[in-house]
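What follows is each chain in one-letter form.
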Amino acid sequence: EITALSTLLQFNQRRTQLGLKAGSTGCHHMIFTGSPGTGKTTVAKMIGKIFHNLGLLSTGNVIVTERSKILGRYIGETENNMQEIIEKAKGNVLFIDEAYTLCRNGDDTRDFGQHAIETLLTTLSEENSDILVILAGYKEEMDTMLSINTGLRGRFPHQWHFDNYSCDELMQIAYNTLQQEDYTLTPEADLRLREVISQELQADGKEFSNARWIKQYITHSILPAIAQRVIKLPHSNNTALYTTIEACDITDISHAKKSIHPTRNRIGFCTLQQYEVA
């Protein structure tokens, strides 16, 4: 779709050069659906840069907001907040995360979220407004929001769904994250990490945060485990000791959720087993 839009812009430029009329490309607001950590914000940043290069946005940065930053405490404050956010986002991408929370109940006049939607509709109706609005959230909830606010659906010609990452994709994210910090996995640790990721994917919880989860798992479980294991050993200048993640550093899911640190017994056993055999 981005390629098609780019081609249309080039086509219109050539028409203009030939003295022909070049029609408007219209609005290109978007809806991103999917679970947390599937790259929606990252792609929004890419879209901002692309639209800036295409001349559709004057700046192309991403302004992220959500319900707590939009809703006011009294009548009129929500509209003012929304208008201020829109003005701040001019020239950029306005990314409203968990946008469905602005429309929890279309018939509840006490929920000021509806006022934010109404204020936003004015901007969505303007062509060449130098702003790109992206609404993001879970697919089911976003579909419900669009069914309640029928005027919204037609304002968003681009609707893209972000699938959860596969085990292989999460492993690649883990490799990238670890390599950036000069860590490597032993073959046994590699297999163990894949097992842990598979366990989490099989649980298939709605709150699973994909890339965010694997990065937090590395930061709050794996790295503290290798630190506790290595720091108990006699001081050594062997860099491999400080950069090689062993299988015993990969805790299972149930344990990782209880604590960011592995148990002392498991680390002690792993240390003795590894270095007595060596």
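Up top is the structure these notes are about.
The structure reproduced in this document is the subject of the present report.

### Looking at the pairing of strand β4 (residues 132-137)
Move 1: Among the six residues in β4, six count as buried, and that is most of the element.
Move 2: Across the two faces of β4 the burial is the same, with Leu 132, Ile 134 and Ala 136 and Val 133, Leu 135 and Gly 137 all buried.
Move 3: Sheet topology places strand β1 (residues 30-34) next to β4; four bridges connect them, and they run parallel. By the bridge assignment, Met 30 is partnered in β4 with Ile 134.

### Details of the sheet that holds strand β2 (residues 62-65)
Strands belonging to one sheet form pairs held by backbone hydrogen bonds; the direction of such a pair is parallel or antiparallel.
Move 1: Spatially, five strands are ordered β2-β3-β4-β1-β5 in an open sheet, and the strand pairing comes out parallel. Two strands in the sheet have a free side with no partner beyond their single neighbour: β2 and β5 (158-162). Strand-to-strand twist in this sheet, taken as the mean axis angle between neighbours without regard to direction, amounts to 20°.
Move 2: In this fold helix α2 (residues 40-53) packs onto β1, β2, β3 (93-96), β4 and β5, with an angle of close to 155° to the strand it touches most, β1.

### Some thoughts on the pattern of salt bridges
Move 1: Summed over all chains, the structure comprises six salt bridges.
Move 2: The salt bridge partner of Lys 139 is Asp 143, with a shortest N-O separation of 3.2 Å. In this pair, Lys 139 and Asp 143 both sit in helix α6 (residues 139-148), four residues apart, roughly one turn of the helix.
Move 3: When its relative accessible area of 41% is taken as the criterion, Lys 139 is described as partly exposed.
Move 4: Look at Asp 143 and you get partly exposed, because its relative accessible area is 30%.
Move 5: Residue Asp 168 pairs with Arg 194 through a salt bridge whose shortest N-O separation is 2.7 Å. Remark: Arg 194 occurs in helix α9 (residues 187-203) and Asp 168 occurs in helix α8 (residues 167-180); sequence separation between them is 26 residues.

### Details of the packing of aromatic side chains
Move 1: Per the stated rule, a full pass over the model turns up five aromatic pairs.
Move 2: Taking 5.7 Å as the distance between ring centres and 20° as the angle between the ring planes, the aromatic pair formed by Phe 32 and Trp 160 counts as stacked. Within this pair, whereas Phe 32 is found in strand β1, its partner Trp 160 is found in strand β5, the two being separated by 128 residues in sequence.
Move 3: Residue classification places Phe 32 among the buried residues on the basis of a relative accessible area of 0%.
Move 4: Among the aromatic residues, those joined into a ring-pair cluster are Phe 32, Trp 160 and Phe 162.

### Re the layout of surface pockets
Move 1: Within this model, the largest pocket holds a volume of roughly 400 Å³.
Move 2: What lines the largest pocket is a set of 20 residues, among which Pro 36, Gly 37, Thr 38, Gly 39 and Arg 212 lie closest to the centre.
Move 3: At the level of secondary structure, the elements contributing two or more residues to the lining of the largest pocket comprise α2 and α10 (210-231).
Move 4: In terms of residue class, the lining of the largest pocket is built from seven nonpolar, eight polar and five charged.

### Comments concerning the side chain of Thr 65
Move 1: Counting through the fold element by element, Thr 65 comes out in strand β2.
Move 2: Sequence-distant contacts of Thr 65, defined by excluding residues within four places in its chain, comprise Ile 70, Ile 85, Leu 94, Phe 95, Ile 96 and Asp 97.

### Some thoughts on the pairing of β3
Move 1: By the alternation rule, side chains of β3 split into Val 93 and Phe 95 and Leu 94 and Ile 96, which are all buried.
Move 2: Bridge count between β2 and β3: four bridges; the pairing is parallel. Opposite Ile 63, over in β3, you have Leu 94 as the bridge partner.
Move 3: Alignment of β3 against β4, held across four bridges, turns out to be parallel. Across the sheet, residue Val 93 finds its bridge partner in β4, namely Leu 132.

### Re the packing of α8 against α10
Move 1: Viewed as axis vectors pointing N to C, α8 and α10 meet at an angle of 45°, and their least axial separation amounts to 10 Å. Between α8 and α10, the interaxial angle falls into the category oblique. Crossing of α8 against α10: the hand is right-handed. Contacts from Leu 170, Ile 173, Ala 174, Thr 177 and Leu 178 in α8 reach Asn 210, Ala 211, Ile 214, Lys 215 and Ile 218 in α10.

How each quantity is defined
Residues numbered from 1 in each chain as written. Predicted model: local features only at pLDDT ≥ 70, side-chain atom pairs only at ≥ 80, totals over all residues. Heavy atoms only, no water. Buried < 20%, exposed > 50% of the residue type's maximum accessible area, 1.4 Å probe, protein only. Helix = DSSP H or I, 4+ residues; strand = E, 2+ residues; numbered from the N terminus. Pairing = 2+ DSSP bridges. Axes fitted to C-alpha atoms, helices over the stretch in contact; angles between N-to-C directions. Contact = heavy atoms within 4.5 Å. Salt bridge = Lys/Arg side-chain N within 4 Å of Asp/Glu carboxyl O. Phe/Tyr/Trp six-rings, centres within 6.5 Å; stacked < 30°, edge-to-face > 60°. 1 Å grid on protein atoms, 1.4 Å probe; cavity = no way out; pocket = protein on both sides within 12 Å on 5 of 7 lines; lining within 4 Å. Points joined across faces, edges and corners; volume = space filled by probe spheres on them. Nonpolar A, V, L, I, M, F, W, Y, C, P; charged D, E, K, R; others polar. Parallel < 35°, antiparallel > 145°, perpendicular 65-115°, else oblique. Left-handed = near helix turned anticlockwise from the far one by under 90°.

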